[in-house]
Amino acid sequence: MGKNPSELHDERLATTDSAGHRVYLYPEDVKGKWRTRRNYFYNFLIAIYLILPWINIGGKQSILLDIAKREFTIFGATFYGHDAPLLIFFFLGFVFLIGFITSIWGRIWCGWACPQTVFIDAIYSRIEKLIEGPARKRKKLDQAPWNFEKVWKKTLKWTLFILASMHIAHSFIGYFVGARELIDITLHSPSENMPLFVTTWITVLIILFDFAWFKEQFCLIACPYGRFQAVMMDENSVNVIYDYTRGEPRREKGQKKSEHADCIDCFACVKACPTGIDIRRGSQLECIACTNCIDACDDIMNHIGKPEGLIRYDTELALEGKKAKKFSVRNIVYLISLAILLIGFISQVRSVNDLDVVLLRGSKTPFKMVYKGNQKLVVNHFKLDFDYQGNEFSSVYFKIKSARDIKLVTPRNPYPIRKGMTKANVFFRFSPNSLSKGSRVIYLQILKPNGDKRIIKELEVRLVGPIK
Ligand code: SF4
Ligand code: SF4
C-alpha cells in the first residue's frame, strides 16, 4: 500500500529533511469554534499590548520600565533598582504560575497567550494569506520561478512585514522609554538619540526575523518552556488530545465505513498543524496546543456524520475511562508556593508604598550664596511632605546617591515621621563648580532608618546655581 504523502517521518521533525535542512510548512487554514475564540482573544491581547503604554495611572505611564533610571512603574506602583527582592518574588511567582497553569491546562500559554503564537497567527499569517492566498497557493508560489507575480507579492508581503515589525518594536520600546517620549524622540534626528535608534532597529530586525521567517522553529528548537513543559504535566492535565479509543482502528484504503472506527485517516489534522506534527501519535513536545487540529477534525466529523471531539481538550485519564483529579498533588504544591510568593510580594509592596513623598523647592529664590571661610558655596533649599500610612517605621534616613561633592544638611538624620502628614526641610550645599551650565540633577534617597537601610523612595532633585 502506498504511503500517504502527508505521513510524517518516524524519527525526524516535520520541519527538517533528511539532510537536516529546514522544510517550510504551509499549514492549512481552519474554521471552527476554537479558531473563532482564539481570534477574539488574540485581538484582545494585541489591543492591550498597543494601548497600555498610552494609559496613565496616577500621572505615570501604566507600565514603564525605565532601565536607565532603574525605576519601574507597574499600574501606579513604582519600584527602584534596589527593590530586587521584589523582582525575585515576581519572577518566581511567574514561573510557579506558569507551572500551575500548565499542570492543569497543559500548554495553554503557548496556544493562547505566548507573543510568538499571538503575533504570528494574528498579524504575520494574516498578511501572508491576504497577499499570497491559502496554503496550497503559497506553496506553489514559493516553488514557482521568479516572475512578475512572485516579485510583487513577495515585495508587498515583506514591506508589510517590516511595517508590522516596526510598529510592534516601537510599542515594545515605548514600555522602556515612555510612549509619548518615544514619539517626541522619533520626530528628531536619529543622531540625537543614536543608542536608542540602534536599539529600536535591532528590535525591529529580531521581530522580523522571528515572526516572519523563523516562526514555528522557535517553539520547536529554541523555547526553553517548550523543553520542560512535559515535567509540569501529568495524566490529570487537560491537553489537546486524540481519542484513540474512538478513532482506532483508523480507516485503511478501500475499507467500508463499518470496518473502521471514527478516524478516516484524512490527515486534515496534520495538514492544519503549524508545527507539522500528527497528534494521533500522542502528546508531543512540539504541540503548542493551538487547537487547529481540533477544528480541522471537527469539520471532518461533521462531514461524515460523526460527533465532534475525536480530537479535543481532555486528560489522558479520561481516555482510559478514569476520572481525572481536579487538583493533583502537583497542582497543590504549585498553588501553595504561589500563595507564599504572593503574600511575600504583597507585604513587600505594601511596606514600600505606604509612604508618599513630595519634594518642593523651599525658598522663593532658587539658590543662595553663602561663605564658609574664604570658600563661596551655593545652597538650595527643598521641602519634603511625607504622607505615611504604615506602622513599620517611625523615622527615615536621608542620603544623596553617589554625589560626594554635594553636602546634605538636615535638622535631623534619621528624621522622625508620624502616621499621616509630616514636613521636613533639606538643604544641599555645594561649590558652584559642581554644576554644569548652572544646574545638575542628583538623587535624594529616603531609606529605612535601621536594619538593611533599604531604600524606600528615590527622588530626583535639580540643583541650580550661578551660570559661570
Ligand atoms: S497537534 Fe494540534 S494543537 Fe498541537 S500544535 Fe498541532 S495543530 Fe496545534
Ligand atoms: S482529522 Fe480527524 S479523521 Fe482526519 S486524520 Fe485527523 S483525527 Fe483522523
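Residues numbered from 1 in each chain as written. Chains lettered and ligands numbered in written order. Predicted model: local features only at pLDDT ≥ 70, side-chain atom pairs only at ≥ 80, totals over all residues.

Draft legend 1. Structural view of the overall build of the protein. What the protein contains, in helices and strands, is 15 helices and 16 strands. For the protein, the spread of C-alpha atoms along the principal axes amounts to about 105 × 60 × 35 Å. Taking the contacts inside the protein whose residues are at least 6 apart along the sequence as the reference set, 66% of them involve residues at least 24 apart. (Helix = DSSP H or I, 4+ residues; strand = E, 2+ residues; numbered from the N terminus. Contact = placed C-beta atoms within 7 Å.)

Draft legend 2. Structural detail: unusual backbone geometry. For the bond from glutamate 248 to proline 249, the omega torsion is -5 degrees, close enough to zero to count as cis. On the secondary structure map, proline 249 appears in the loop between helix 11 (244–247) and helix 12 (268–271). A positive phi angle, close to 55 degrees, is found at aspartate 265, a residue other than glycine. Looking at the element boundaries, aspartate 265 is found in the loop between helix 11 and helix 12. One non-glycine residue, threonine 291, lies in positive phi territory at about 75 degrees. Along the chain, threonine 291 falls in the loop between helix 12 and helix 13 (292–304). Given 24 C-beta atoms within 10 Å, threonine 291 falls into the buried group. (Buried ≥ 20, exposed ≤ 12 C-beta atoms within 10 Å, placed from the backbone.)

Draft legend 3. The site of ligand 2, seen in detail. In the region of ligand 2, 15 residues are neighbours, and Cys263, Cys266, Ala268, Cys269 and Cys297 sit closest. Elements supplying a minimum of two residues to the shell around ligand 2: helix 12 and helix 13. The greatest single-element share of the shell around ligand 2, amounting to three residues, is contributed by helix 13. (Near = placed C-beta within 6 Å.)

Draft legend 4. Main features of helix 8 (residues 194–214). Taking 1.5 Å of rise per residue, 21 residues should cover 30 Å, and helix 8 covers 28 Å from first to last C-alpha, within 8% of that figure. Residues Thr200, Val204, Ile207, Leu208, Phe211 and Ala212 constitute the buried set of helix 8. For helix 8, the arc enclosing every buried residue in end-on projection is 105 degrees, short of the 170-degree limit, so these residues lie on one face. Away from the buried face of helix 8 by more than 90 degrees, exposed residues Met194, Pro195, Val198 and Ile202 are located. Check the buried side of helix 8 and you find it contacts helix 4 (115–132) and helix 6 (148–177). Of the residues flanking the end of helix 8, it is lysine 215, one or two places downstream, whose phi is positive at about 45 degrees. (Expected span 1.5 Å × (residues − 1). Arc of directions from axis to C-beta.)

Draft legend 5. Highlighting the sheet that holds strand 11 (residues 395–400). A sheet is described by the order of its strands in space; here four strands give the open sequence 13-11-15-16, paired in antiparallel fashion. Each edge of the open sheet is held by one strand with a lone partner, namely strand 13 (415–416) and strand 16 (455–464). Both strand 11 and strand 15 (residues 439–447) contribute to a ladder of four bridges, which runs antiparallel. Pairing of phenylalanine 398 across the sheet is with isoleucine 446, part of strand 15. (Pairing = 2+ DSSP bridges.)

Draft legend 6. Here's a closer look at the environment of lysine 423. Inspection of the secondary structure assignment puts lysine 423 in strand 14 (residues 420–430). Overall, the presence of 9 C-beta atoms within 10 Å leaves lysine 423 in the exposed class. Each C-alpha atom of the pair lysine 423 and methionine 194 lies 42 Å from the other, and the pair is 229 residues apart in sequence. Apart from the residues within four sequence positions on either side, lysine 423 is in contact with Lys383, Leu384 and Asp385.

Draft legend 7. Spatial organisation of the UniProt feature "transmembrane region" (unreviewed entry) in the protein. Mapped onto this structure's residue numbering, the UniProt feature "transmembrane region" (unreviewed entry) falls at residues 40–57, 86–106, 158–176, 196–214 and 332–349. For residues 86–106, the helix share is 95%, the strand share is 0%, and the end-to-end C-alpha distance is 28 Å. The span residues 196–214 carries 100% helix and 0% strand; its end-to-end C-alpha distance comes to 25 Å. (UniProt positions renumbered as here; feature names shortened; annotations may be inferred.)

Draft legend 8. Representation of the pairing of strand 14. Relative to strand 14, strand 10 (residues 375–388) is paired through eleven bridges, and the arrangement is antiparallel. Each bridged residue has a counterpart across the sheet, and for phenylalanine 382 the counterpart in strand 14 is valine 426. Bridge count between strand 12 (residues 407–409) and strand 14: three bridges; the pairing is antiparallel. Each residue of the ladder has a partner; that of valine 409, found in strand 14, is phenylalanine 427.

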